[in-house]
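Each chain is listed here by its residues.
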Amino acid sequence: MVSKVLLTGASGYIAQHVTSELLSHGFQVVGTVRRQEQADQLHKQFSEEVPALQKNPFLLTYVLVPEIGAPDAFDEVLQSTPDITYVLHTASPFNFKDEGPLEDVYLKPAVEGTRNILSAVKKFANDYVKNVVVTSSFASVMNVDKFEDKSFIHTEKVWNNNTWDQTKGGDKVVAYVISKKEAEKAAWDFVEKEKPNFKLTTVLPPYVFGPQKFDISAKKESLNTSAEIVGSLLHTKYPSDDKLFDDSVNISADVRDVALYHVLPLLNADLASKRLIVVQGKFSTQRILNIINEHIPELKGKIAVGKPEGAAKLEALKAPEYNNSVTIGLTGVDPIPLTKTIVDSVEQILRANK
């Protein structure tokens, strides 16, 4: 019998790749979206790509959840959708361009959305949901005050040490980072206190790069926050002002690996009750620029060069130290290298905008 998976936030960048991964493993997918036009567009796109959907369109269906932070947001979905075996919660909308109180924009949607889905599962599907996988973030691990401390190693056991009081200055990045930690904490606290029948796994990606699931999404004027770092470099000018491109220095993951990590807990019982850190390695804006200049011939001489030789030293000094050997040992996944991630992304952008 085909197992049915509820995927929240199914229109998102990561979630679209998760949908693809689920379908490729033979799962039936019920996705939540905010608007009907999103549902119609996604079903059309996946149907054109997945032969099984052409034979059985009910392998992928969508339901509307307009506001995940609203009280009982997912209750109707769980009540009206029988036989859900797994739940993947990827929904946590944010955009650094959003205005409004930081608590309303970042904290409440993340925390309440997480509590809402777990509560709905326990109330209406506790007898048959086996696993819940929640998309968290490396932000919930990251100790910002230790960002450049080479002696401090971020692992699956580490938690972000920021508190909400630190958002009083209006810093949106700090608000986002803390909201991710608080949402993940809320998930683990729920499981500890409510003792539901299902097992919980959290997936913690850092910056997520890689192609959009469908080329048409790469035509957008502004991509999602991480992908836009790559897109913005295509608009730099040659020759550059000879500066080192050090705007972003951190660690990254390929979106396709992040999607796979969401599905692995449904296939491997050893991943239950685990925090999984997905990382391919360190990056800098300069390294991404180097990859584009080296591997995309049609852009050579058209975009900035910066200081190619400075990337490795910059990353060694500025990127956080991490060790996700526990995750690697549990999953055995060999991460997609950054070069492939960036090349695939840029080639898609160029292809989509021809």
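Residues numbered from 1 in each chain as written. Predicted model: local features only at pLDDT ≥ 70, side-chain atom pairs only at ≥ 80, totals over all residues. Heavy atoms only, no water.

Colleague: I would appreciate a short explanation of the overall build of the chain in the present structure.
Modeller: A count of helical and extended segments in the chain gives twelve helices and twelve strands. Taken over the C-alpha trace, the chain has a radius of gyration of 20 Å; the compact-globule value for 354 residues is 20 Å, and the two agree within 12%. Seen through its principal axes, the chain has C-alpha atoms that stretch 60 × 45 × 40 Å. Looking at the chain residue by residue over its 354 residues, the buried ones come to 55%. Sequence-distant contacts in the chain: of pairs separated by 6 or more residues, those separated by 24 or more amount to 79%. Averaging the coordinates of the 40 positive side-chain charges in the chain and doing the same for the 45 negative ones gives two points 1 Å apart. (Helix = DSSP H or I, 4+ residues; strand = E, 2+ residues; numbered from the N terminus. Rg over C-alpha atoms; globule rule 2.2 N^0.38 Å. Buried < 20%, exposed > 50% of the residue type's maximum accessible area, 1.4 Å probe, protein only. Contact = heavy atoms within 4.5 Å. Lys, Arg positive; Asp, Glu negative; His and termini not counted. Charge placed at Lys NZ, Arg CZ, Asp CG, Glu CD.)

Colleague: Where do I start with helix 7 (residues 225-233) in this structure?
Modeller: An α-helix turns once every 3.6 residues. As a result, residues three or four positions apart point the same way. Looking at helix 7, one finds that the buried residues are Ser226, Ala227, Ile229, Val230, Gly231 and Leu233. Considering only its buried residues, helix 7 is in contact with strand 8 (207-209), helix 9 (285-295) and helix 12 (338-352).

Colleague: Help me understand helix 9 in this model?
Modeller: Counting buried residues along helix 9, eight of its eleven residues qualify, which places the element largely inside the surrounding structure. Turning to helix 9, its buried residues number three or more, namely Thr285, Gln286, Ile288, Leu289, Asn290, Ile291, Ile292 and Asn293.

Colleague: How should I be thinking about the packing of aromatic side chains in this particular structure?
Modeller: In this description, a pair of aromatic rings is defined by centroid distance and the angle of the planes. With the rule as written, the count across this model stands at five aromatic pairs. Centre to centre, the rings of Phe27 and Tyr86 are 5.9 Å apart; their planes meet at 90°, and the pair counts as edge-to-face. Note that Phe27 is positioned in the loop between helix 1 (13-24) and strand 2 (28-33) and Tyr86 in strand 4 (residues 84-89), a separation of 59 residues in sequence. On the accessibility criterion, Phe27 (7% relative accessible area) is buried. (Phe/Tyr/Trp six-rings, centres within 6.5 Å; stacked < 30°, edge-to-face > 60°.)

Colleague: What is the right way to look at the sheet that holds strand 3 (residues 60-64) in this model?
Modeller: Hydrogen bonds along the backbone pair up the strands of a sheet, which may run parallel or antiparallel. On the basis of which strands lie adjacent, the open sheet formed by seven strands has the order 3-2-1-4-5-7-10 and parallel pairing. Looking at strand neighbours, the two that pair on one side only are strand 3 and strand 10 (275-277), the edges of this open sheet. Strand-to-strand twist across the sheet, computed as the mean angle between neighbouring axes with direction ignored, equals 20°. As defined by bridge partners, strand 5 (residues 131-135) adjoins strand 7 (residues 199-204) across five bridges and the pair is classed as parallel. Among the inter-strand pairings, Val133 is bridged to a residue of strand 7, identified as Thr201. Against the sheet, helix 1 touches strand 1 (4-8), strand 2, strand 3 and strand 4, its axis set at about 175° to strand 1. (Pairing = 2+ DSSP bridges. Axes fitted to C-alpha atoms, helices over the stretch in contact; angles between N-to-C directions.)

Colleague: Hey, could you run me through the layout of surface pockets in this one?
Modeller: Left-over empty space is what a probe sized like a water molecule reveals as it rolls over the atoms. Computed from the structure, the second largest pocket encloses a volume of approximately 200 Å³. Taken together, 13 residues line the second largest pocket, and the ones lying closest to its centre are Val111, Arg115, Glu182, Ala186 and Asp189. Among the elements that make up the lining of the second largest pocket, the one with the highest residue count is helix 6 (residues 172-194) (seven residues). When grouped by side-chain class, the residues that make up the lining of the second largest pocket number four nonpolar, no polar and nine charged. (1 Å grid on protein atoms, 1.4 Å probe; cavity = no way out; pocket = protein on both sides within 12 Å on 5 of 7 lines; lining within 4 Å. Points joined across faces, edges and corners; volume = space filled by probe spheres on them. Nonpolar A, V, L, I, M, F, W, Y, C, P; charged D, E, K, R; others polar.)

Colleague: Help me understand the pattern of salt bridges in this model?
Modeller: Evaluated as defined, the whole model comprises 19 salt bridges. We note a salt bridge from Arg351 to Asp215, for which the minimum N-O separation is 2.7 Å. Residue Arg351 is found in helix 12, and its partner Asp215 is found in the loop between strand 8 and helix 7; the two are separated by 136 residues along the sequence. Owing to a relative accessible area of 44%, Arg351 belongs among the partly exposed residues under this scheme. (Salt bridge = Lys/Arg side-chain N within 4 Å of Asp/Glu carboxyl O.)

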